[in-house]
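Coordinates in review
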Amino acid sequence: MELRQLTYFVAVAEELHFGRAAARVHIAQPALSTQIQALERELGVQLFVRTTRRVELTVAGETFYERCVRILSDIDVSAEVTRSVAGKTARKIRIGTIYPATIGVLPAFLSKIARKYPDIQLQIQSGSTDDIIRNLETGQINLGFIRPVENIGSLRFFSMANDEYLLAIAKDSRLAGLDVIGIDDLRDQKIISFSRQNLSYTERYFAEVFAEHDLARNIAYSCDDTFALISLVSAGLGIGFAPQWTRDFPNRNFELRKVRGVDFRIGMGVAWSSEDPTATRDDIIDIARSLVRPPRQLATALSR
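**Quick look at the side chain of E164**
Residue position: E164 is located in strand β6 (residues 155–170). A relative accessible area of 10% means that E164 is categorised as buried. Polar side-chain contacts of E164 include one of 2.3 Å to the side chain of K258. E164 has contacts with A242, P243, Q244, K258, D263, F264 and R265, leaving out every residue within four places of it along the chain.

**Some thoughts on the environment of G96**
Among the secondary structure elements, G96 is positioned in strand β3 (residues 92–97). The spacing of G96 and F145 is 49 residues in sequence and 6.2 Å in space, taken between C-alpha atoms. With residues up to four places along the chain from it excluded, the contact list for G96 reads Q125, I132, I141, L143, G144 and F145.

**Some words on the pattern of salt bridges**
Within the structure shown, the criterion is met by 14 salt bridges. When the shortest N-O distance is used, the salt bridge between R50 and E40 registers 3.0 Å. With a gap of ten residues between them, R50 in strand β1 (residues 48–50) and E40 in helix α3 (residues 29–43) connect regions that are remote in the sequence. Take R50: its relative accessible area is 34%, and that puts it in the partly exposed class.

**Quick look at a nonpolar patch on the surface**
On the surface, a nonpolar cluster with roughly 240 Å² of combined accessible area is contributed by M1, L43 and V45. Along the chain, V45 falls in the loop between α3 and β1.

**Quick word on the pairing of β3**
Among the six residues in β3, five count as buried, and that is most of the element. Where β3 meets strand β4 (residues 121–126), six bridges bridge the pair, whose relative direction is parallel. Residue pairing across strands places K92 opposite Q121, the latter belonging to β4. In this sheet, strand β5 (residues 143–146) lies alongside β3 in parallel orientation, the contact comprising three bridges. What sits directly across from I95, in β5, is L143.

Calculation notes
- Residues numbered from 1 in each chain as written.
- Predicted model: local features only at pLDDT ≥ 70, side-chain atom pairs only at ≥ 80, totals over all residues.
- Heavy atoms only, no water.
- Helix = DSSP H or I, 4+ residues; strand = E, 2+ residues; numbered from the N terminus.
- Buried < 20%, exposed > 50% of the residue type's maximum accessible area, 1.4 Å probe, protein only.
- Polar contact = N/O pair within 3.5 Å; in protein donor to acceptor, adjacent residues only side chain to side chain.
- Contact = heavy atoms within 4.5 Å.
- Salt bridge = Lys/Arg side-chain N within 4 Å of Asp/Glu carboxyl O.
- Patch = residues over 30% accessible without salt bridge, like charges linked within 9 Å, V, L, I, M, F, W, Y side chains within 5 Å.
- Areas by Shrake-Rupley, 256 points an atom, 1.4 Å probe, with all protein chains shown as cover.
- Pairing = 2+ DSSP bridges.

Take a look at the structure:
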């Protein structure tokens, strides 16, 4: 079994398309198919189910994929360890990010990294906090912009900002004319909530607020993300709580207002593994720390 075969397998497993995978690893498609077939013969198991329309991993293939990702990641880490011992800087920084960071602090962070290390490749991938933590633990990324977590094991985290959640209402809504909005003012409103099966801390909080004030029955629409919620609000279909960074959406047809008795803020910060051997890691963390600003500035930056 050769290392390149593992690389080829991972490419096919992630693309689920031999043509795209072949282009990704820069070999001809027939050669890629031959390598995968040789790998299957050596293992004595079928890794993929191939039809004329689709390529799917078998159960054995899914297990092998997880192991291959770890093996290839360990090899990358070993290379970085060797380079750091020799005093060399990292050649690639892999960053995971949740959306609020993507439009908030990430651009400034990337700009500083690029200026200090112009030869380093930057690889950015979006995902949930849970996804990013898993990738940090397996060494697939070096740094993650995520929601708050505890320092557990090798995981380290520091807070950079806080998102305040406000009530999103259509500009022509009756609520827009009120000087002060209270919970009771929501009783004749249709509420837009989230429909995720595994609710985050944010969504659980508002589900509890609605239940506490007997507003759960007012939930008329559900969606899977903030953008969908804002679209429904802008269409005049209801109200919902959204983070403050939605305030400066272009061509918006909604307003964000405080609701008396509802004061919800959720943090965002940087996480990394203390076992990450990237030679420039400490500098990278220092750059991230330099972006931490007083609360008012943070709120302004995140709303941009």
